[in-house]
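# A look at the structure
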Amino acid sequence: MNYRHAFHAGNAADVMKHAVLAWVLDRLRTKDAPFFVLDTHAGIGRYDLDDQAATRTGEALRGIRRVLADGGANRLPEAAKPYLDLLNRLNDGVSPIRTYPGSPLITRMMMREQDRLLLAELHAEDVQTLRNLFRGDAQVAVHHMDGWLSLKAHLPPKERRGLVVIDPPFEAPDEYERMVAALALAHRRWATGQYLLWYPVKDRAAVWKLHQMLEDTGIPKMLAAELCWSDDDRSGRLNGSGLILVNPPWKTQEALSELLPALGTALAAGTGPTGCHWIRDESGKTA
């Protein structure tokens, strides 16, 4: 409850996870059937990069604004196009961008009239901000509730297709364990849904433990992706951004194998490990 993303909006972790999120949503749009998205830790949905909170940390300067500087968008692969297009639309082509979308607004901008979005947020002030942002929008529902409980309350949806975004603040010491337990529960309730889970790369041993716990669930089709800007010897500091994708779209591994290194170059991210690998493949076997 102490974490406020306004201080970190548009940073390197956001660039990585939101570029991947936009790509996944773009793949969902290739079929006419409606899709449902549940965002368990929604935040406020939209951020001002010139606001005092953002400028205090300067993380956007080292994140999305660095990526877009000097025509940097033109050097990114095709997989980045959905993300770059929505940033351009949101800012009317103005550079440097000022408005940065969180996952709720990214999702809403990529939805069609037949799609539906449900947002869960526990922070009372942030919930009100979300409600103001989507006021009058019949395709978006905002719930003031614990994101972990939303998985049980709102899955499975009536739609057969969709995505669950799980991006907790990692304030609790047992957040990894809660994430794995929540995914296992959600997958039992909606095995055909796609899942996108974000985690911080701070301590490599903790990441290995997370991957092992995920592997132990037996859930098939789990892909891990990471973009790291520092080596793991800086324990306790954010060294990179990680994602777990369950039931990812076709050719996700190929797309991310091209996208992540390109983003790392654009971010001047250093020499940390970057790439993706299967935790469990389609057959359920470990990599």
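The preceding data block contains the structure.
The rules behind each value
Residues numbered from 1 in each chain as written. Predicted model: local features only at pLDDT ≥ 70, side-chain atom pairs only at ≥ 80, totals over all residues. Heavy atoms only, no water. Pairing = 2+ DSSP bridges. Helix = DSSP H or I, 4+ residues; strand = E, 2+ residues; numbered from the N terminus. Axes fitted to C-alpha atoms, helices over the stretch in contact; angles between N-to-C directions. Contact = heavy atoms within 4.5 Å. Buried < 20%, exposed > 50% of the residue type's maximum accessible area, 1.4 Å probe, protein only. Arc of directions from axis to C-beta. Polar contact = N/O pair within 3.5 Å; in protein donor to acceptor, adjacent residues only side chain to side chain. Salt bridge = Lys/Arg side-chain N within 4 Å of Asp/Glu carboxyl O.

### Examining the sheet that holds strand E7 (residues 194-201)
- With mixed pairing, 8 strands are arranged side by side in an open sheet as E5-E4-E1-E6-E7-E9-E8-E10. A single partner strand is all that each edge strand has here, and the edge strands are strand E5 (140-144) and strand E10 (275-280). For this sheet the average axis-to-axis angle between neighbouring strands, irrespective of direction, equals 15°.
- As paired strands, strand E1 (residues 35-39) and strand E6 (residues 161-166) are joined by 5 bridges and run parallel to one another. Among the inter-strand pairings, Phe 35 is bridged to a residue of E6, identified as Arg 161.
- The sheet strands contacting helix H8 (residues 175-189) are E6, E7, strand E8 (222-228) and strand E9 (240-246), and the helix crosses E7 at an angle near 175°.
- Sheet strands in contact with helix H9 (residues 204-216) are E7, E8, E9 and E10, and its direction is about 165° off that of E8.

### Points about helix H6 (residues 124-133)
- Considered for burial, the residues of H6 that qualify are Asp 126, Val 127 and Leu 130. The buried residues of H6 all sit within an arc of 105° when viewed along its axis, so they share a single face.
- Residues of H6 that are buried in the fold lie against helix H5 (103-110), strand E4 (116-121) and E5.

### Some details on the pairing of E4
- Counting buried residues along E4, 5 of its 6 residues qualify, which places the element largely inside the surrounding structure.
- Alignment of E1 against E4, held across 4 bridges, turns out to be parallel. In the strand pairing of E4, Leu 38 is matched with Leu 118.
- In this sheet, E5 lies alongside E4 in parallel orientation, the contact comprising 5 bridges. Across the sheet, residue Glu 121 finds its bridge partner in E5, namely His 144.

### Here's the deal with the side chain of Ser 241
- Residue position: Ser 241 is located in strand E9.
- The buried category is assigned to Ser 241, whose relative accessible area is 0%.
- Here Trp 198 takes part through its side chain, which lies 2.6 Å from a polar atom of the side chain of Ser 241.
- Ignoring anything within four residues of it in the chain, the contact list for Ser 241 reads Ala 13, Met 16, Trp 198, Tyr 199, Val 201, Ala 225, Glu 226, Leu 227 and Trp 229.

### Concerning the pattern of salt bridges
- Following the criterion strictly, the structure yields 14 salt bridges and no others.
- The partner of Asp 167 in a salt bridge is Lys 17, with the nearest N and O atoms 2.8 Å apart. Highlighted residues: Asp 167 in the loop between E6 and H8 and Lys 17 in helix H1 (residues 12-28), separated in sequence by 150 residues. There is no split in this pair, since Asp 167 and Lys 17 are both buried.
- With its nearest N and O atoms 2.7 Å apart, the salt bridge here joins Asp 48 to Arg 98. One end of the pair, Asp 48, is in strand E2 (residues 46-48); the other, Arg 98, is in the loop between helix H4 (81-90) and strand E3 (99-101), and 50 residues separate them in sequence.
- In this structure Arg 98 comes out as partly exposed when scored by relative accessible area, which is 44%.

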